[in-house]
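# An overview of the molecular structure
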Amino acid sequence: MRLALIMMLVAMLVFPAAGFTHDQHKDCDRDDDGFLEECDVDWDEETGILTITSEDDDDEIVIITKKYVLSVNGEKIDLDKGQKELVRDYYKHMKKLHVMADEIGEEAAKIGEWGGKVAAKAIREVCDRLLDHDDEEAMEDLEEAIEAEAEEIERAAEKIEAKAEKLELVVDDLKDLHYEMKEAVPELD
């Protein structure tokens, strides 16, 4: 019975971890107050260009380069010092968000794969032992080994959760910058 509980724990760790994966080309998360609502954010690592495309009626395209040059619908926007600082901070937060999300996604995928391997190994071992009519002591040893590995997986998942909480703080800061920049730069409708 304990082995079944362990297998359930492993499965619970494996499958939710896949949900952490990140696709940088998907639509932005929707938010009740309109933060990046109905937009597509694309980060080109090679060129360092951030492109935000509005998917509403005006199809506005906002581009920020790695030198913090802001363009709206192909027109470069002249910025004063304060506006330039906002654009720089926004760009840096968006880059940090991208890097952190990719890192979390990669780590979660590894944990998911690890958990899947542990589950497959446990199932094979249980089947082998049941077919061989192995003794109770051998089954207990197997349970202990699986429990130990499941605990390691859980600790790794907790580390990812802590990183996700930090990511949430970056998103909150980015949200504030988004509205500050939108207010400070009239061309950003």
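Everything discussed here concerns the structure shown above.
Since the structure is predicted, the reported quantities are computational estimates derived from the model, not experimental observations.

## Section: the pattern of salt bridges
Following the criterion strictly, the structure yields four salt bridges and no others. The residue E103 makes a salt bridge to K163 at a minimum N-O spacing of 2.9 Å. Of the two residues, E103 is situated in helix α2 (residues 81–131) and K163 in helix α3 (residues 136–184); the sequence distance between them amounts to 60 residues. Residue classification places E103 among the partly exposed residues on the basis of a relative accessible area of 35%. Given the relative accessible area of 27%, K163 is considered partly exposed. Here E113 ties to K117 by a salt bridge, and the two come within 3.3 Å at their closest N and O atoms. Taken together, the residues span about one helical turn, with E113 and K117 both in helix α2 at a distance of four residues. Salt bridges linked by common partners bring E103, E107 and K163 together as one network.

## Remarks on the nonpolar core
Core analysis: the biggest nonpolar cluster contains 33 residues, and L50, I64, L70, Y90 and M181 have the highest contact counts within it. Within the residue set of this core, elements represented by two or more residues are β1 (39–44), β2 (49–54), β3 (61–64), β4 (70–72), α2 and α3. Looking at this core, the element that brings in the most residues is α2, giving twelve residues. Among residues more than four places away in sequence, those in contact with L70 are V62, I63, I64, E75, K76, I77, L79, V87, V185 and L188. If you look at the next biggest cluster of nonpolar residues, it comprises five residues, including V126, M139, L142 and I146.

## Regarding unusual backbone geometry
Even without a glycine there, the phi angle at Y68 is positive, about 65°. With respect to the helices and strands, the residue Y68 is situated in the loop between β3 and β4. The phi angle at N73 is positive, at roughly 50°, despite the residue not being glycine. Turning to its location among the elements, N73 is positioned in the loop between β4 and β5 (75–76). With relative accessibility at 49%, the residue N73 sits in the partly exposed group.

Reading the values: rules and limits
- Residues numbered from 1 in each chain as written.
- Predicted model: local features only at pLDDT ≥ 70, side-chain atom pairs only at ≥ 80, totals over all residues.
- Heavy atoms only, no water.
- Salt bridge = Lys/Arg side-chain N within 4 Å of Asp/Glu carboxyl O.
- Helix = DSSP H or I, 4+ residues; strand = E, 2+ residues; numbered from the N terminus.
- Buried < 20%, exposed > 50% of the residue type's maximum accessible area, 1.4 Å probe, protein only.
- Core = buried A, V, L, I, M, F, W, Y, C linked by side-chain atoms within 4.5 Å.
- Contact = heavy atoms within 4.5 Å.

By themselves, these figures tell us nothing about what the structure is for.
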